[in-house]
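In case you want the letters, here they are:
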Amino acid sequence: MTQSLAVAILGAPGRMGRALIEATLRNSALQLAAAIARDDSAALGIDAGALIGRPVCGIAITADRPAALVSAAVLVDFTQPAVALAALADCVAAGKAIVIGTTGFNAAQKEEIAAAARVIPICMAANYSIGVNVCLKLSEIAAQLLGSNYDIEIIEAHHRHKVDAPSGTALALGEAVAGALGIDLRSNAVYSREGQIGARVAGTIGFATVRGGDVIGEHSVLFLGDGERVEISHKASSRGNFAVGALRAAQWLAPQPPGLYSMRDVLGLNG
Ligand code: NAD
């Protein structure tokens, strides 16, 4: 019998943390090694199974990250950038792999993650949904085939609690199409429009953000041409799909050598 993979979940009481506990407890190839919350969390000491309305699983929510890592092979993080970086340092110290689901890192923070990837295996993805990663690939192919004659706009919608914009997934879609067109996203992105903005500048990639309600995550890449348009869209209807993808990444990542990997690597979508 193959041994199950021991997974620690950081941000356990959060929206994604709960979905990860659920998906871990449902997957017989995985073992919940630890469920971690902040040190002032009301969930501390509560059984992780009970937290999500399932039978008790024997793992109490803890705030002690280093101790929680001892019994885990992989840490799965869905929290916020500063917390993710602190956990990353713990994983480097303990020699453990980390799946980073947190979004909203700045350039310096991304460099920190890249440096840590020289020491431990890291998987980082703006979106762990398998469908979204297929859309990333499809957007790249569409940009290659349609070329620069089509104006590209990316629209995303998320729930009212999301704090960063555009979403990490929208930016990843932007990077995918910019890469396919051989242009730099940072110098060609238009993140907002207001007032007398003038005609659309050819070659730019526009972003539009919608926030509200309980929208889990919706993304569309529009290729607007003369007389036609192509839309590649993805709509998430549950957080379970991110959790299942992140845990698939954890299983793939655990035996890898140090390096910075993405869902493209996990799903074999490179090339
Ligand atoms: P959330 O606010 O519901 O959950 C975050 C949790 O982290 C909270 O429970 C919070 O208390 C906890 N936390 C904060 N500081 C902590 C600490 N020091 N130690 C342990 N836990 C701590 O947010 P969410 O909706 O679950 O999203 C979390 C992150 O994941 C966001 O950055 C979001 O954008 C990202 N996300 C990524 C994907 C993806 O597929 N990559 C999908 C969904 C959400």
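Notes on the structure follow. Predicted model, so just to flag it, every value in this text is computed and none were measured.

What counts, and where the lines are drawn
- Residues numbered from 1 in each chain as written.
- Predicted model: local features only at pLDDT ≥ 70, side-chain atom pairs only at ≥ 80, totals over all residues.
- Heavy atoms only, no water.
- Helix = DSSP H or I, 4+ residues; strand = E, 2+ residues; numbered from the N terminus.
- Expected span 1.5 Å × (residues − 1).
- Buried < 20%, exposed > 50% of the residue type's maximum accessible area, 1.4 Å probe, protein only.
- Core = buried A, V, L, I, M, F, W, Y, C linked by side-chain atoms within 4.5 Å.
- Contact = heavy atoms within 4.5 Å.
- Near = heavy atom within 4 Å.
- Polar contact = N/O pair within 3.5 Å; in protein donor to acceptor, adjacent residues only side chain to side chain.
- Areas by Shrake-Rupley, 256 points an atom, 1.4 Å probe, with all protein chains shown as cover.
- Nonpolar A, V, L, I, M, F, W, Y, C, P; charged D, E, K, R; others polar.
- Pairing = 2+ DSSP bridges.
- Axes fitted to C-alpha atoms, helices over the stretch in contact; angles between N-to-C directions.
- Parallel < 35°, antiparallel > 145°, perpendicular 65-115°, else oblique.
- Left-handed = near helix turned anticlockwise from the far one by under 90°.
- Salt bridge = Lys/Arg side-chain N within 4 Å of Asp/Glu carboxyl O.

## Things to note about helix α4 (residues 81-94)
Reasoning step 1: Compared with an ideal rise of 1.5 Å per residue, which puts 14 residues at 20 Å, α4 spans 20 Å between its outermost C-alpha atoms and is within 8% of the ideal.
Reasoning step 2: Every buried residue of α4 is listed here: Pro81, Ala84, Leu85, Ala87, Leu88, Asp90 and Cys91.
Reasoning step 3: Positive phi shows up at glycine 95, right after α4, with a value of about 65°.

## Description of the nonpolar core
Reasoning step 1: Counting 41 residues, the largest nonpolar core has Leu20, Ile21, Ile61, Val76, Val99 and Tyr128 as its most contacted members.
Reasoning step 2: For this core, the secondary structure elements donating two or more residues are β1 (5-10), α1 (15-26), β2 (30-36), α2 (48-51), β3 (74-77), β4 (97-100), α9 (240-253) and α10 (263-267).
Reasoning step 3: A total of 7 residues in this core trace back to one element, the largest contributor, which is α9.
Reasoning step 4: With residues near it in sequence (within four places) discarded, valine 99 still touches Val74, Leu75, Val76, Asp77, Cys123, Tyr128, Ala246, Ala249, Ala250 and Leu253.

## Remarks on the site of the ligand
Reasoning step 1: Neighbouring residues of the ligand: 21 residues in total, closest Arg15, Met16, Gly101, Thr103 and Tyr128.
Reasoning step 2: Within the backbone of glycine 101, an N or O atom sits 3.0 Å from a nitrogen atom of the ligand.
Reasoning step 3: The fraction of the free accessible surface of the ligand (860 Å²) that becomes covered by protein chains is 80%.
Reasoning step 4: Among the residues forming the shell around the ligand, the class breakdown is 10 nonpolar, 8 polar and 3 charged.

## With respect to the sheet that holds strand β5 (residues 121-124)
Strand-to-strand pairing in sheets goes through backbone hydrogen bonds, with the strands running parallel or antiparallel.
Reasoning step 1: The strand order across the open sheet built from 6 strands is β2-β1-β3-β4-β5-β11, with neighbouring strands paired in parallel fashion. Among the strands making up the open sheet, the edge pair consists of β2 and β11 (259-261). Put simply, the sheet's adjacent strands are angled 20° from each other on average, direction ignored.
Reasoning step 2: The pairing of β3 with β4 spans 4 bridges and is parallel. By the bridge assignment for β4, valine 76 is matched with valine 99.
Reasoning step 3: Its contacts with the sheet put α9 on β1, β2, β3, β4, β5 and β11, and the angle it makes with β4 is roughly 155°.

## Considering the packing of helix α6 (residues 130-146) against helix α7 (residues 168-181)
Reasoning step 1: α7 packs onto α6 with a crossing angle of 30° between their chain directions and a minimal axis gap of 8 Å. Here α7 runs roughly parallel to α6, going by the angle between their axes. Where α6 crosses over α7, the handedness of that crossing is right-handed. Contacts from Val132, Cys135, Leu136, Ser139, Glu140, Ala143 and Gln144 in α6 reach Thr169, Ala172, Leu173, Ala176, Val177, Ala180 and Leu181 in α7.
Reasoning step 2: For the contact of α6 with α7, the residue count by class is 10 nonpolar, 3 polar and 1 charged.

## What about the pattern of salt bridges?
Oppositely charged side chains can pair when the atoms bearing their charge come close.
Reasoning step 1: A full pass over the atoms with the stated rule returns 12 salt bridges.
Reasoning step 2: Its salt-bridge partner being arginine 211, residue glutamate 156 comes within 2.7 Å of it at the nearest N-O pair. One end of the pair, glutamate 156, is in strand β6 (residues 151-158); the other, arginine 211, is in strand β8 (residues 205-211), and 55 residues separate them in sequence.
Reasoning step 3: Salt bridges sharing partners connect three or more residues here, namely Asp151, Glu153, Arg193 and Arg200.

## Points about α6
Every α-helical turn comprises 3.6 residues, leaving residues that sit three or four positions apart pointing alike.
Reasoning step 1: Relative to the 24 Å expected for 17 residues at 1.5 Å per residue, α6 spans 24 Å between its end C-alpha atoms, a close match to the ideal helical length.
Reasoning step 2: Buried within α6 we find Val132, Asn133, Cys135, Leu136, Lys137, Ser139, Glu140, Ala142 and Ala143.
Reasoning step 3: Where α6 is buried, its residues meet α7, β9 (217-224), β10 (229-236) and α10.
Reasoning step 4: Its side-chain oxygen placed 3.2 Å from the backbone nitrogen of glycine 131, serine 129 serves as the N-cap of α6.

It is worth stressing that arrangement in space is one thing and function is another; only the former is reported here.
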